[in-house]
Amino acid sequence: MIYDRLVADAGVHAIVADRIYDARPVDGAFPCITFGPSSFLPEDYECIAGRVETIQLDCWSEDQGRLNPCKDLVDAVKDALHLFDGALTINALVSLELEQARVFIDQDGITAHGVVVFTALIEEN
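To keep things clear, this report deals only with the structure shown in the data block. Note that the structure is predicted; figures quoted are calculated from it, not measured.

**Things to note about the state of the cysteines**
If you walk through the whole model with that rule in mind, you get zero disulfides. Its sulfur unpaired, cysteine 59 is 5.7 Å from the next cysteine sulfur, which belongs to cysteine 70. The class of cysteine 59 is buried, set by a relative accessible area of 0%.

**Thoughts on the layout of surface pockets**
Reported here for the largest pocket is a volume of approximately 270 Å³. Forming the boundary of the largest pocket are 16 residues, of which Ile2, Glu53, Ile55, Leu88 and Ile122 lie nearest the centre. Of all the secondary structure elements, the ones that give two or more residues to the lining of the largest pocket are helix H1 (2-8), strand S2 (32-42), strand S3 (50-62), strand S4 (92-105) and strand S5 (111-123). Counted by class, the lining of the largest pocket contains eleven nonpolar, three polar and two charged residues.

**Structural notes on the pattern of salt bridges**
Per the counting criterion, the structure on display carries four salt bridges. Where arginine 51 meets glutamate 53, a salt bridge forms, and the shortest distance between an N and an O atom there is 3.3 Å. When sorted by exposure, arginine 51 lands in the same class as glutamate 53, which is buried. The shortest N-O distance in the salt bridge between arginine 51 and glutamate 124 comes to 2.9 Å. Linking arginine 51 in strand S3 with glutamate 124 in the segment after S5, this pair joins segments that are 73 residues apart in sequence. Counted as one network, the salt bridges with shared partners bring together Arg51, Glu53 and Glu124.

**Digging into the sheet that holds strand S1 (residues 20-21)**
As summarised here, the arrangement of the five strands in space is S1-S2-S3-S5-S4, forming an open sheet in which the pairing is mixed. What marks the edges here is a single partner per strand, and that holds for S1 and S4. Where S4 meets S5, twelve bridges bridge the pair, whose relative direction is antiparallel. Following the sheet pairing, glutamine 100 is matched in S5 by valine 117.

**Thoughts on the packing of aromatic side chains**
One pass over the full model with this rule turns up zero aromatic pairs. Over the ring of tryptophan 60 we find arginine 24; its NZ or CZ atom is 4.1 Å from the centre of that ring. Residue placement shows arginine 51 over the ring face of phenylalanine 40; its charged tip is 3.6 Å from the ring centre.

**Thoughts on the side chain of aspartate 9**
Mapped onto the secondary structure, aspartate 9 falls in the loop between H1 and helix H2 (10-16). Among buried charged residues, aspartate 9 stands out as having no salt bridge; its nearest opposite-charge side chain is arginine 5, 4.3 Å away. Ignoring any residue separated from it by four or fewer positions in sequence, one finds aspartate 9 in contact with Ala76 and Ala80.

What counts, and where the lines are drawn
Residues numbered from 1 in each chain as written. Predicted model: local features only at pLDDT ≥ 70, side-chain atom pairs only at ≥ 80, totals over all residues. Heavy atoms only, no water. Disulfide = S-S within 2.5 Å. Buried < 20%, exposed > 50% of the residue type's maximum accessible area, 1.4 Å probe, protein only. 1 Å grid on protein atoms, 1.4 Å probe; cavity = no way out; pocket = protein on both sides within 12 Å on 5 of 7 lines; lining within 4 Å. Points joined across faces, edges and corners; volume = space filled by probe spheres on them. Helix = DSSP H or I, 4+ residues; strand = E, 2+ residues; numbered from the N terminus. Nonpolar A, V, L, I, M, F, W, Y, C, P; charged D, E, K, R; others polar. Salt bridge = Lys/Arg side-chain N within 4 Å of Asp/Glu carboxyl O. Pairing = 2+ DSSP bridges. Phe/Tyr/Trp six-rings, centres within 6.5 Å; stacked < 30°, edge-to-face > 60°. Lys NZ or Arg CZ within 6 Å of the ring centre and 35° of its normal. Lys, Arg positive; Asp, Glu negative; His and termini not counted. Contact = heavy atoms within 4.5 Å.

Below, the structure written as structure tokens:
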């Protein structure tokens, strides 16, 4: 669902086109988005099984150490997903909210890296 939403979003597409990957390609073009780690905790209520899942998306740009292009991509990802009312193929999405976003320069001194973390509340079927 998250991949489909990012691919379909005009703001995200204007920045990365179709460069949305499971893992960052060694020779991939910038800017791009990759899926980072995720985790979940059970969140069960009376007769309802659920989970709180944390999903990390990594945003990448390379513009001679400038952060603004990566910040623009992080904002586009936030705009596409924060409070998105999407449908899952399995289970039901109750909510999807931005938990945290940060942007920094990687160790190479030229690659900007944005980390965008979302929390999804999911009702399990």
